[in-house]
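Chain and residue survey
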Amino acid sequence: MTDIQLLHTPLQPQQCIDFVGSHSAGAIDVFIGTVRDNTQGKRVLRLDFEAYKPMAIKEMQKIADQAKARWPVEKIAFHHRVGTLELGEIAVIIAVSTPHRKASFEACEFAIDTLKQTVPIWKKEIFEDGEVWVAAHP
């Protein structure tokens with residue numbers, strides 16, 4: 001099972017954890033990405049995220065399918081914010097459940113790394129002295 005959401009409202013880690021939990025899963029790994037106050041030494045004031053929703057959801061489902069093919073993933077959740085986010089707010093949550101911890105760690109890392117490479121989500125970094133659109137990866 002997979003839960004994929006692009007939301008304008010604050011993300012709730014417990015919602016993702018609750019979704020992926022099961023009695024047969026011995027491990028749940030969760031990645032939470034937050035808005036930090038700097039990028040390459042420049043002070044960040046806030047971020048704006050935009051997504052091409054139909055393709056973003058399709059690509060996240062592809063990632064989920066790939067993770068399930070490589071590891072014994074029981075459930076996976078992808079929640080990503082769109083719109084304006086302030087410092088400290090959660091931009092992305094990925095939660096994965098598997099029978100054992102190593103697979104959970106590996107599948108979660110694969111999911112966030114691949115999301116940042118392939119999913120059409122863009123961010124605008126707003127600095128004290130300007131702004132720039134970048135892909136949603138470092």
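Preceding this section is the structure that the text describes.
Residues numbered from 1 in each chain as written. Predicted model: local features only at pLDDT ≥ 70, side-chain atom pairs only at ≥ 80, totals over all residues. Heavy atoms only, no water.

As a further point, take the sheet that holds strand S1 (residues 2-7). Spatially, 4 strands are ordered S1-S5-S7-S2 in an open sheet, and the strand pairing comes out mixed. With one partner strand each, in any of the chains shown, S1 and strand S2 (27-34) form the two edges of the open sheet. When the angles between neighbouring strand axes are averaged without regard to direction, this sheet yields 5°. Summarising the sheet, S2 and strand S7 (residues 90-98) pair through 8 bridges and their orientation is antiparallel. (Pairing = 2+ DSSP bridges. Helix = DSSP H or I, 4+ residues; strand = E, 2+ residues; numbered from the N terminus. Axes fitted to C-alpha atoms, helices over the stretch in contact; angles between N-to-C directions.)

Taking 1.5 Å per residue, 18 residues should reach 26 Å; helix H2 (residues 53-70) reaches 26 Å between its end C-alpha atoms and fits that length. All of the buried residues in H2 are Ala56, Glu59, Met60, Ile63, Ala64 and Ala67. For H2, the angular spread of the buried residues around the axis is 145°, confining them to a single face. Facing away from the buried surface of H2 by more than 90 degrees, the exposed residues are Pro54, Lys58 and Ala69. Among the structural elements, S1, strand S5 (75-81), helix H3 (101-118) and strand S8 (121-127) are those in contact with the buried residues of H2. (Expected span 1.5 Å × (residues − 1). Buried < 20%, exposed > 50% of the residue type's maximum accessible area, 1.4 Å probe, protein only. Arc of directions from axis to C-beta. Contact = heavy atoms within 4.5 Å.)

Here we come to unusual backbone geometry. Although it is not a glycine, Gln40 adopts a positive phi angle of roughly 50°. With respect to the helices, strands and loops of the structure, Gln40 is situated in the loop between strand S3 (38-39) and strand S4 (42-51). The exposure class assigned to Gln40 is exposed, which follows from its relative accessible area of 79%.

With that settled, the discussion passes to the packing of aromatic side chains. Note on aromatic pairs: each is described by the distance of the centres and the angle between the planes. According to the stated counting rule, one finds 1 aromatic pair in the structure shown. Ring centres 5.5 Å apart and planes at 50° place the aromatic pair Trp71 and Phe110 in the tilted group. Of the two residues, Trp71 is situated in the loop between H2 and S5 and Phe110 in helix H3; the sequence distance between them amounts to 39 residues. Across this residue pair, the class does not change: Trp71 and Phe110 are buried. Above the face of the Phe110 ring, Arg70 is positioned so that its terminal group lies 4.9 Å from the ring centre. The ring of Phe19 has Lys75 lying over it, and the distance from NZ or CZ to the ring centre is 5.8 Å. (Phe/Tyr/Trp six-rings, centres within 6.5 Å; stacked < 30°, edge-to-face > 60°. Lys NZ or Arg CZ within 6 Å of the ring centre and 35° of its normal.)

Right, let's talk about the pattern of salt bridges for a bit. Taken as a whole and assessed by the stated rule, the structure comprises 7 salt bridges. The salt bridge involving Glu106 is made with Lys102; its shortest N-O contact spans 4.0 Å. Within this pair, Glu106 and its partner Lys102 are both found in helix H3, separated by 4 residues, close to a single helical turn. Residue classification places Glu106 among the partly exposed positions, given a relative accessible area of 31%. Among the residues examined, Lys102 registers a relative accessible area of 59% and is labelled exposed. Between Lys124 and Glu131 there is a salt bridge, and its shortest N-O distance comes to 3.4 Å. Note on Lys124: relative accessible area 15%, which makes it buried. (Salt bridge = Lys/Arg side-chain N within 4 Å of Asp/Glu carboxyl O.)

Moving on, we get to the pairing of S8. Every other side chain in a regular strand lies on the same face of the sheet, so the side chains alternate between the two faces. The element S8 is extensively covered by neighbouring structure, given that 6 of its 7 residues are classed as buried. Where S4 and S8 come together, 7 bridges link them in antiparallel fashion. By the bridge assignment, Ala51 is partnered in S8 with Ile121.

Function-wise, these values are silent; they only describe arrangement.
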